Amino acid sequence: MNTQPSILHVENLGKRFGGLAAVDELSFGVKEHEIFAIIGPNGAGKTTTLNLLSGLLTPTTGTITLKGQRIDRLPSFERTHLGLGRAFQVVQPFPEMTVRENVQVGALFGTPGIDRAEAERRADEAIERTGLAAFAERDAEDLTLLQEKRLEIARALATSPEVLLLDEVMAGLRPGEARQAVQLVRDVRDTGVTIVFIEHVMPVVRDLADRVLVMDHGRFLAEGSYAEVTANPSVIEAYLGREDDDEEAPQ
Amino acid sequence: MKLLRDLLPIAAFALFLWFLPDLLRAFAGRASVSYLSLVTNGVGLAILALSWDILARTGQLSLAHAAFYGTGAYVTAIMARHLDLPLWIGIPAGGLVAVILALGVGAVTLRLRGIYFAIATLAFTEVLKSVFRHLPTPFAGGAAGINVEPLFRPVFDAATMERWEIAFFRNEGYFLLYALLLIITILLSLMTRRSRLRQAFTAIRTNEEVAAIMGVHPARMKLLAFALSSFAVGMLGAVHAHRVGSVVPEGSFSVETTVLALVTPIFGGLYTTLGPIVGAGMLAGIEETLKRNLADGYLIGYGVVLILSILFLPKGLVGTTRAWWSRRQSKSMDTAEEGSA
Amino acid sequence: MDPSLILQAIVSGVLASGLYALVSVGLALAIGVIGIVNFAHGEFFMIGAFLTYTLFVVFGIDPVLAVLFVAPALFLLGAVLYRSTIQHVLSAPELNQMLLTFGIGIVLQNLALLIWGGDPVSIAGIEYRSVGYRFAGISVGLVSLVSFAVSLALVIGLNLALTRTRLGRAMRAVAQNRTGAALVGLEVNRVYLVAFALSALLAGIGGVMIAVIQSPTPTIGLAFTLKAFSITVLAGLGNIRGILAASLVVALSESLVATLVPNGGTLSNAVFFAIIFLALVWRSRRTV
C-alpha cells in the first residue's frame, strides 16, 4: 500500500453557483505516481472538480494544495508552471499550426524561462510518447478523433506536468482505440506523472485506476480500490438511481 | 537566417517607397499630386489595417481603434499649441499616450469576450470623444477643435516652380512620414509572427482557457497586443492631424476610422502581414472613387465589402489564396506519389 | 433645484422608456431565438423613422397611417436580409456573425445618408404634435403619451404572443433547444426568419414614433443599437419584465442627467456610454 504523502490534496472544497452547490465539502488526496479515478453519476460534480483544480473556476470554500503549496487562488497558467497539467475532453487544436507546433505551445509556455531548443526537444519527446511522430507535420485541424486525443495529451505532456488531469479521454473512441488510449495513459504514468482522470467507462476505470473516488451530488461518496467502491451499497444505489433522479444538476 | 529573409523584402519595399514620389513626378507630371495623395491614403489605410490586425490576433476585435487614433491626433495638437517643442515630438508622444490609454482599456476589459468586448470598446470611444469635446476650450478647443500646424513648410521659389510642384513637395513630406510609419507597423506585425508570440496569440485567440492551461499568460499577451496595436495607430493619428491641419472631436474619433481599420484586414486576410497591405492597396483605390461619387455615404462600399468578405471570403484574399495554393501543392504531391508507386 | 423640474424629468423619462423597451424587445427576440446579436438592429429603427418622414413629405401620409406601410416594409426588409445573409452564417463563429451584422448596419446607415443626407429631418405641420397636457406643473405631450402606450401594448402583446400562440411557442422552443426543436419537426429556419423579420418590424414601429417625437438623423441607429443591447444585457435574456425595468432605468437616467447636469443635453449620451462601459466591466469581474 502506498503510504506516501499526497502530491495533490483537496480539503473541504466547495463551489456554489447562486443557491446551487455543484461541489460541497469535498476532501481527498492523490498520491504521487498513482492513477486516481473520479467517477460518479451524471451531474455529480466531477468536471466541476476538475475545473476547480485547473483554475477555470474559483472555489467558494476549501483549499487545493499541490506539492505542499496552496494553488486555489492562483490563475491557471501559474498552476501549469507549478506542474499541474490538463487534457480537455473536447479537443480544440490551435488552427493554422501543425501538430508539432501545437505541442510546442505547451512546451514553450508550460515551463517559465525555458529556451527554444529545450522546448522543441520536450515537444518532440511528447510527440514520440503519444505515438504522434508520423503525423507531426500534419495540420492540426486534419486529425481523426483518436489522433486529436493524442494531440491533447501530447500538448499537456509538453508542459512537463507532475500531475496530469484527464477529462473523459475515452469518450467517442471505438474499443480498439480505447485500448490504445488506456495503454497511452499507462505509459504516461510510467514516466513518473501522477494521473487524475474522470471516466464513465467502467472497464477502463477497472483496468487503469489504482484508487477510485466516487462523487454524488457534488459530495464525497466513497473512496478505495475499484473492487471496494463497486461493492459499496451506497455507490450502487447512487448509480442505479433514486426516486427523483434529477438529471439537470450542473456539471 | 530566417530574420534576414523577412527583412530583405521590407528593405526593398522601403526603398521603393522612398523613390515613389520621384517616380510619380517623372511619369505623371501634373497629375502626380493627386496620385501622391491617393498613395498616401493607401499607406495610411494599410497602417490602420495592420495595427488592427495585431490586436485581432489575440481574439480581441476592438471597436476602439478610432479612440487611439484620435488620442494621438489630440496629443500632438495640444502639444503643438501649448508647448514650445519641435513639432515632430508630438508624433511619438501621441503614440506613447495612446499606448498608456490602451493598456488601461485593455486591463479593464480583460475578461470581456466577443461582442461584449466590442461594445465596451465602442462605448469607450464615444466616452473619450465626449471627454475631449468637453475639455476646456482654451486647452483643447471644445467641439470646434483646434488647428494644427503643418509639419512641412518647404521653402520654394515661386518663380522656378509650378503650382502643382509646390503642392507636391508639401505632400511629399507627409507621404515619406507615412511610409516610415508603415515600415514600423510592418515590423511590429512581423514581430507578432515570430514563433513565440504567434503561437501565444493564436492559442489565446482559439481558446483563452486552454491557452492558460498550456501555460500562456493571457493578460500579459493581450496587453502586449494592445500596446503594439495602439502605438502604431496613435502615431498615425498624430501625423494625420498635421497633414489635415486640425483636430475635431467628431472627426478625430469618428467610427469611420474603426470601420476602415477592420474591414480592410478582414477583406485582405486576417492574421497575416500581407493581407492588410493587399487589402489596403485595393480598397484605397476604390475609396477614392467612392468618396468622389458618394460623398457622405461612401462607407457603404466598405460595408458591402465587409458583408461579402464574411459570406464568401472568410479567410480574406490572402488567406483564401494561400489555402488554395497549399491544396494544390498537396494534390500535386499526392499525384506524384501515385505516379511513382 | 426646482422639484417640479425633477418631476418633469422623471415623467419624461418614464414616457421615453416605452420606446426603448419596444426597440430592446425586438433585439432580445433576435438574440434569444436565433442566437445572433444584431448590430444593425438600430438601423431598422432608423429606417422606420425615415420611411415615415418620406411618406409624409412626399405622399402626405399621416404618420399614424404610415405604420400600415412601414410595418410590413420592415418585416420584408428583415426577412430579405435574413434569407440573403444571416441564414448563411448561423453556424459560423460568433465573431463572424457580429461582423456581418455590423457590415449590414454600415450599409443601411450609409444608404440612408445617401438617400436623405446627414441633416436632421422633421415632420412639421402635424397638429397633434403640439398637443399637450399640463397638470401639477408637469407638461406631457400627447405624442409621448401615445407612443408610451403603444410601445407598452406591443411589448405586452409580444409577450402574450410568445406564450399563447403556436408560432410563439415554436420560437421559445427553438430558443431553448435548437436541435431538439428540429428533431420534433419544427422548421427551424422558418422560425428564425419570422423572428428576425418580427424584430425588424418592432424596431420599425418604434422608428415611426421617434420621427414624430424628435428630428432624427440617419446616424441614430448605432446609438439605439447600443441602448437596446445594454438594456437586453441588463435585463437578462428572455426576461420581458426585466427589459421593461431596464428600459426604465436607462430612460430615467438619461432624462435626469439631461435635466440636472449643466450642459446635460450633450453629456447624456456620453454618460450613457460610460454607464454601459462600466456595467460591462463590472459584470465581467463578477463571473466565476
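The next subject is the overall build of chain B. Each helix and strand in chain B was counted, giving 15 helices and 2 strands. Computed over C-alpha atoms, the radius of gyration of chain B comes to 21 Å, within 12% of the 20 Å expected from 2.2 N^0.38 for 341 residues, which places it in the range of a compact globule. Overall, the C-alpha framework of chain B stretches about 80 × 50 × 40 Å when taken along its three principal axes. In chain B, which comprises 341 residues, the share counted as buried stands at 53%. Taking contacts inside chain B between residues at least 6 apart in sequence as the whole, the part at least 24 apart equals 77%.

This brings us to the sheet that holds strand E8 (residues 194–198) of chain A. Residue and element names in this part refer to chain A. The strand order across the open sheet formed by 6 strands is E6-E7-E8-E3-E9-E10, and the pairing between neighbours is mixed. Of all strands in the sheet, those with a lone pairing partner are strand E6 (84–87) and strand E10 (219–224), marking the two edges. Averaged over all pairs of adjacent strands, the angle between their axes in this sheet comes to 20°, without regard to strand direction. In the sheet, strand E7 (residues 163–167) pairs with E8 via 5 bridges, with the strands oriented parallel. Looking at the pairing, Leu166 lines up with Phe197 of E8. Each of E6 and E7 is contacted by helix H5 (residues 145–158), which is oriented at about 170° to E6, the strand it contacts most.

A separate point is the sheet that holds strand E5 (residues 69–70) of chain A. All names here are of chain A. Taking strand neighbours across the sheet as the criterion, the 4 strands line up as E2-E1-E4-E5 in an open arrangement whose pairing is antiparallel. With partners counted over all chains shown, the strands left at the sheet margins are strand E2 (20–31) and E5, one partner each. One ladder, built from 8 bridges, connects strand E1 (residues 6–17) with E2; its direction is antiparallel. Of the residues in E2, the one forming a bridge with Phe17 is Leu20. Contacting E1, E2 and strand E4 (61–66), helix H1 (residues 46–54) crosses the sheet at an angle of about 65° to E2.

A word on the interface of chain C and chain B. Each side of the interface is counted separately: chain C has 32 residues, and chain B has 32 residues. Listing elements by their share of the side of chain C that touches chain B, those giving two or more residues are helix H4 (94–116), helix H9 (220–235) and helix H11 (264–286) of chain C. Here the side of chain C that touches chain B takes 14 residues from H4(C), the largest share from any one element. Here the side of chain C that touches chain B is built from residues that sort into 22 nonpolar, 8 polar and 2 charged.

Accessible area lost on assembly of the parts is the figure often given for the size of an interface. Residue and element names in this part refer to chain A. Along its sequence, chain A is organised into domain 1 (1–83 + 163–251) and domain 2 (89–160). Between the C-alpha centres of domain 1 and domain 2 there is a distance of 24 Å. Facing 15 residues of domain 1, the contacting portion of domain 2 comprises 13 residues. Of all the secondary structure elements, the ones that give two or more residues to the side of domain 1 that touches domain 2 are helix H2 (76–82), E7 and helix H6 (175–190). Considered class by class, the residues forming the side of domain 1 that touches domain 2 number 7 nonpolar, 4 polar and 4 charged.

This brings us to the pairing of E7(A). All names here are of chain A. For E7, the tally of buried residues reaches 5 of 5 residues, placing the bulk of the element in the interior. A two-sided burial pattern is seen for E7, the buried positions comprising Val163, Leu165 and Asp167 on one face and Leu164 and Leu166 on the other. Pairing of E6 with E7, which is carried by 4 bridges, proceeds in the parallel orientation. What sits directly across from Ala87, in E7, is Leu166. Handedness of the crossover joining E7 and E8 through H6: right-handed.

Okay, H9(C) next. The end-to-end C-alpha distance of H9(C) is 22 Å, a good match for the 22 Å that 16 residues give at a rise of 1.5 Å each. Immediately downstream of H9(C), the backbone of Gly236(C) shows phi near 80°, a positive value.

It is worth spelling out the environment of Leu55(B) at this point. Residues and elements named next belong to chain B. Among the secondary structure elements, Leu55 is positioned in helix H2 (residues 32–56). On a C-alpha basis, the gap between Leu55 and Leu24 in space is 34 Å, while along the polypeptide they are 31 residues apart. Setting aside chain neighbours within four positions, we find Leu55 in contact with Gln60, Ser62, Ala225, Phe226 and Ser229.

Conventions and cut-offs
Residues numbered from 1 in each chain as written. Chains lettered and ligands numbered in written order. Predicted model: local features only at pLDDT ≥ 70, side-chain atom pairs only at ≥ 80, totals over all residues. Helix = DSSP H or I, 4+ residues; strand = E, 2+ residues; numbered from the N terminus. Rg over C-alpha atoms; globule rule 2.2 N^0.38 Å. Buried ≥ 20, exposed ≤ 12 C-beta atoms within 10 Å, placed from the backbone. Contact = placed C-beta atoms within 7 Å. Pairing = 2+ DSSP bridges. Axes fitted to C-alpha atoms, helices over the stretch in contact; angles between N-to-C directions. Nonpolar A, V, L, I, M, F, W, Y, C, P; charged D, E, K, R; others polar. Domains from an automatic or database assignment. Right-handed = clockwise from strand over helix to strand, strands pointing away. Expected span 1.5 Å × (residues − 1).

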